[in-house]
Amino acid sequence: MKITIRGVRGSIPTSSPEFKYYGGNTSCCEVVEDGYRLLLDGGSGICNATTDQQMGNKRIDILLTHLHLDHIQGLGFFKPLFEPDIEVHIWGPDSSTQSLHSRLSRYFSPPLFPVHIRELPCKIILHEIENSVFKIGPFTINSRYVIHPGPTVGFRVAGRQSVFTYIPDHEPALSLNGLPTDRKWISGIDLAADTDLLLHDAQYNLEEYKKKIGWGHSSMDDAVLFASMAGAKRLLLSHHDPSHTDVQLNEMLAELKARKNYTFTYEMAVENMQINLP
């Protein structure tokens, strides 16, 4: 299983020399195995994903954790959607009020975007998911609702030998006393249990999080504690705040590691980082 991080920012893309190392695109990960490709989220990073010609097949699967703009804003600029011989499967969380098609149509329509979803030349197939299990090629995928405003899921992607868990927007510590001590009450813990690689929301440091409780995002401290309780083997801290420069992110990680000593590896997610799991 080959994983390429295509976008690591939350909220909005950033572009200046101060953000060059970690990258400025919003959420997207590319997962490839046996010629099948998954694109997890459609933030601005999806525009840098591998083209269908490079993959050698005509099917693309885009798995959306939710429909906040920073997770779908790249869809309208993703070239395969404008290729008539491409079959694009879009998987997104079910809602009790509107269909996935209706919610995506808000983005794919004026004044937000000049092209309606019905006018896209590719063949689009929409799949509404909840607490679901489904297969795509060699992948078995579990989706579970997690704590974040609006219908939001995380994904557990199991390949032939390895497991990758993707939860870029998540606030498991949203309770009276922070992260629960009993695993059965922790949002998303089943998705991350014993995973080979976990990418998790870590937008804030401790002081920032105190002012933004309930916004749907995690502190770095809560992210590493969540990974520890889940038994994750490796953690990528992601969904970096768009105001955090490379220097600030380095300082935040160094300060965290000075206080938090875990047996597993944890580090910041970096745009275009490539990881090969067995």
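Here's the deal with helix 2 (residues 100-107)
Because an α-helix packs 3.6 residues into every turn, residues spaced three or four apart end up facing the same way. Among the residues of helix 2, Leu100, Arg103, Leu104, Ser105 and Tyr107 are the ones counted as buried. Against the buried residues of helix 2 lie strand 5 (87-93) and strand 6 (123-129).

Details of the sheet that holds strand 13 (residues 265-268)
For sheets, the rule is that strands pair by backbone hydrogen bonds, running either parallel or antiparallel. Spatial ordering of the open sheet is given by 7-8-9-10-11-12-13, a layout of seven strands whose pairing is mixed. Edge positions in the open sheet fall to strand 7 (132-136) and strand 13, since each of these has one partner strand only. Recorded for the sheet is a direction-independent mean angle of 20° between the axes of neighbouring strands. Note that strand 12 (residues 234-238) and strand 13 share four bridges and pair parallel. Bridge pairing in strand 13 links arginine 234 to threonine 265. In this fold helix 5 (residues 220-230) packs onto strand 10 (163-167), strand 11 (197-201), strand 12 and strand 13, with an angle of close to 155° to the strand it touches most, strand 12.

A closer look at the side chain of arginine 9
Following the sequence through the fold, arginine 9 ends up in the loop between strand 1 (2-7) and strand 2 (28-33). Here glycine 23 takes part through its backbone oxygen, which lies 2.8 Å from a polar atom of the side chain of arginine 9.

Some remarks on the pattern of salt bridges
Opposite charge on two side chains lets them pair, provided their charged atoms get close. Summed over all chains, the structure comprises twelve salt bridges. Here arginine 37 makes a salt bridge to glutamate 30, at a shortest N to O gap of 3.9 Å. A salt bridge links arginine 234 to glutamate 267, with the shortest nitrogen-to-oxygen separation between them at 2.8 Å. Separated by 33 residues along the polypeptide, arginine 234 in strand 12 and glutamate 267 in strand 13 bring together distant segments of the chain. Among the charged side chains, a network of salt bridges with common partners joins Asp221, Glu255, Arg259 and Lys260.

Describing the packing of aromatic side chains
In the structure shown here, the tally under the stated rule is ten aromatic pairs. Plain terms: the ring middles of phenylalanine 77 and phenylalanine 113 are 5.6 Å apart, the flat faces sit at 90° to each other, and that makes the pair edge-to-face. Taken together, the positions of phenylalanine 77 in the loop between strand 4 (59-63) and strand 5 and phenylalanine 113 in the loop between helix 2 and strand 6 put the pair 36 residues apart, joining distant regions of the chain. Among the residues examined, phenylalanine 77 registers a relative accessible area of 54% and is labelled exposed. Ring geometry for phenylalanine 108 and phenylalanine 113: centres 5.7 Å apart, planes at 85°, overall edge-to-face. Residue phenylalanine 108 is classed as buried on the basis of its relative accessible area, which comes to 2%. An aromatic cluster of at least three residues, connected via ring pairs, comprises Phe77, Tyr107, Phe108 and Phe113. One Lys or Arg, lysine 257, reaches over the ring of tyrosine 266 and ends 5.1 Å from the middle of that ring.

Reading the values: rules and limits
Residue positions within a chain follow its written sequence, with the count starting from 1. Reporting in this predicted model follows two pLDDT cut-offs: at least 70 for local features of residues, and 80 or more for side-chain atom pairs to be given and counted; totals over whole chains, interfaces and linings ignore these cut-offs and use all residues. As a rule here, side-chain values cover all heavy atoms of the structure and leave hydrogens and water aside. Residue burial is assigned from relative accessible area. The probe radius is 1.4 Å, only protein chains are included, and a residue is buried under 20% of its type maximum, exposed over 50%, and partly exposed in between. Working definition: helices are DSSP H or I runs of at least four residues, strands are E runs of at least two. Numbering for both runs from the N terminus. Contact between two residues is taken to exist if any of their heavy atoms lie within 4.5 Å; hydrogens are not considered. Between any two strands, at least two bridges found by DSSP are needed for them to pair. Each axis is a line fitted through C-alpha atoms, and for a helix only the stretch in contact is used; angles between axes span 0 to 180 degrees, taken between their N-to-C directions. Pairing of N or O atoms within 3.5 Å defines a polar contact, subject to two protein rules: one partner must be a possible hydrogen donor and the other a possible acceptor, and residues neighboring in sequence count only if both atoms are side-chain atoms. Throughout this description, the term salt bridge denotes a Lys or Arg side-chain nitrogen within 4 Å of a carboxyl oxygen of Asp or Glu. What counts as a ring pair is set by centres within 6.5 Å for rings of Phe, Tyr and Trp (its six-membered ring), and what kind of pair is set by the plane angle: stacked under 30 degrees, edge-to-face over 60, tilted for all other angles. Look at NZ for Lys and CZ for Arg. If either is within 6 Å of the ring centre and within 35 degrees of the ring normal, a charge sits over the ring.

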